[in-house]
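If you want the building blocks of each chain, they are given just below.
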Amino acid sequence: MLQSFRGTIDDEVAGHQAGEGHLGPITNDPGHFYKPLQGDERGSNEVSFYTSFSSNMKVSEHITRFFPKFDGTQLMEASDGSGMKPHLILQDLTFQRANPSVMDIKMGSRTWAYIHKCLKKDRATSSISLGFRLSGMQVFKSVEM
């Protein structure tokens with residue numbers, strides 16, 4: 001089924017943000033968000049990861065609860081107006097939450113390929129030394145009445 005773009009993600013804290021001619025994740029129905037796949041091997045690698053991870057019964061619930069549920073892929077109108085593009089269908093972990101606090105953590109000691117720009121970023125952050133980096137976060141404080 002082909003679907004059209006409907007809206008951008010309000011709680012996105014890192015990565016490629018959709019809107020104003022930029023390709024990025026979008027929301028199309030309550031409870032899901034749609035992440036555009038990159039056109040090279042990174043896109044197919046990401047689909048392979050989510051397919052394998054979501055079907056692996058050996059992965060503990062202590063780990064899986066921190067990942068969105070994966071519902072496959074779908075062709076959708078891209079947020080940048082470039083036409084129909086394949087998107088991952090992922091659970092929106094912030095759905096029905098008022099003022100969610102959100103953190104984006106990049107796991108791994110290196111970026112997918114060592115091009116100069118990525119190596120420079122990995123060396124400038126905690127990716128190599130700790131095996132992860134915090135890419136962004138949004139924290140809301142509750143107000144006592």
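Engineer: Explanation requested: the packing of aromatic side chains in the structure shown.
Structural biologist: The geometry of two aromatic rings is summed up by the distance between their centres and the angle between their planes. Applying the stated criterion to the full structure yields five aromatic pairs. When the centroid spacing of 5.2 Å and the interplanar angle of 75 degrees are considered together, the rings of phenylalanine 49 and tyrosine 50 count as edge-to-face. When its relative accessible area of 38% is taken as the criterion, phenylalanine 49 is described as partly exposed. Taking 6.4 Å as the distance between ring centres and 45 degrees as the angle between the ring planes, the aromatic pair formed by phenylalanine 49 and phenylalanine 67 counts as tilted. Of this pair, phenylalanine 49 sits in helix H1 (residues 41-55) while phenylalanine 67 is found in the loop between helix H2 (61-64) and strand E4 (70-77), placing the two residues 18 residues apart along the sequence. For phenylalanine 67, a relative accessible area of 28% puts it in the partly exposed group. An aromatic cluster is built from Phe49, Tyr50, Phe53, Phe67 and Phe70, whose rings are joined through pairwise contacts.

Engineer: I'm lost on H1 in this one. Help?
Structural biologist: Working note: α-helix, 3.6 residues per turn, so residues spaced by three or four point in the same direction. Helix length check: H1 (15 residues) gives 21 Å between terminal C-alpha atoms against 21 Å at 1.5 Å per residue, within 8%. Where H1 is concerned, the buried positions are Gly43, Glu46, Tyr50 and Phe53. Around the axis of H1, the buried residues are gathered within 105 degrees of arc, so they sit on the same side.

Engineer: Just checking my understanding: could you explain unusual backbone geometry for this structure?
Structural biologist: It is generally the case that most residues other than glycine have a negative phi and that most peptide bonds are trans. In this model, glutamine 96 sits at a positive phi of 65 degrees, which is unusual for a non-glycine residue. Judged by its relative accessible area of 72%, glutamine 96 is exposed.

Engineer: It is not clear to me how the confidence of the model for the chain should be interpreted in this structure. Could you clarify?
Structural biologist: Low-pLDDT stretches of the model should not have their predicted coordinates read in fine detail. When pLDDT is averaged across the chain, the result is 77; 71% of the residues are at 70 or more. Considering only residues more than four positions removed or in separate chains, one finds that residues 1-8, a stretch of pLDDT under 50, has 26 contacts.

Engineer: What's the story with the side chain of histidine 87 in this structure? I'm lost.
Structural biologist: Assignment of secondary structure puts histidine 87 in strand E5 (residues 84-91). Given a relative accessible area of 0%, histidine 87 falls into the buried group. Side-chain polar atoms of histidine 87 contact the backbone oxygen of lysine 85, separated by 2.8 Å. Sequence-distant contacts of histidine 87, that is, excluding residues within four places in its chain, are made with Ile26, Tyr34, Lys35, Pro36, Leu37, Gly72, Thr73, Gln74, Met76, Glu77 and Ala78.

Engineer: Help me out: how do you make sense of a nonpolar patch on the surface in this one?
Structural biologist: Together, Met103, Ile105, Met107, Leu130, Phe132, Leu134, Met137 and Val139 line one region of the surface with nonpolar side chains, adding up to about 830 Å² of accessible area. Counting only elements with at least two residues in the nonpolar patch, the list comes to strand E6 (102-107) and strand E7 (132-138). One can find leucine 134 in strand E7.

Engineer: Honestly, the pattern of salt bridges in this entry has me stumped. Any pointers?
Structural biologist: Scanning the entire structure with this criterion turns up two salt bridges. Close ionic contact of aspartate 40 with arginine 42 constitutes a salt bridge, the shortest N to O distance being 3.0 Å. Here aspartate 40 falls in the partly exposed class, since its relative accessible area comes to 35%. Overall, the relative accessible area of 30% leaves arginine 42 in the partly exposed class.

Engineer: What is the right way to look at the pairing of strand E2 (residues 26-29) in this model?
Structural biologist: Working note: regular strand, side chains alternate between the two faces of the sheet. As judged from the three bridges shared by E2 and strand E3 (residues 32-36), these two strands associate in the antiparallel manner. Counted as the bridge partner of isoleucine 26 is tyrosine 34 from E3. Taken together, E2 and the strand that follows it, E3, pair antiparallel across an intervening segment of two residues, in which glycine 31 is found at a positive phi of about 95 degrees.

Rules used throughout
- Residues numbered from 1 in each chain as written.
- Predicted model: local features only at pLDDT ≥ 70, side-chain atom pairs only at ≥ 80, totals over all residues.
- Heavy atoms only, no water.
- Phe/Tyr/Trp six-rings, centres within 6.5 Å; stacked < 30°, edge-to-face > 60°.
- Buried < 20%, exposed > 50% of the residue type's maximum accessible area, 1.4 Å probe, protein only.
- Helix = DSSP H or I, 4+ residues; strand = E, 2+ residues; numbered from the N terminus.
- Expected span 1.5 Å × (residues − 1).
- Arc of directions from axis to C-beta.
- pLDDT = per-residue confidence, 0-100.
- Contact = heavy atoms within 4.5 Å.
- Polar contact = N/O pair within 3.5 Å; in protein donor to acceptor, adjacent residues only side chain to side chain.
- Patch = residues over 30% accessible without salt bridge, like charges linked within 9 Å, V, L, I, M, F, W, Y side chains within 5 Å.
- Areas by Shrake-Rupley, 256 points an atom, 1.4 Å probe, with all protein chains shown as cover.
- Salt bridge = Lys/Arg side-chain N within 4 Å of Asp/Glu carboxyl O.
- Pairing = 2+ DSSP bridges.

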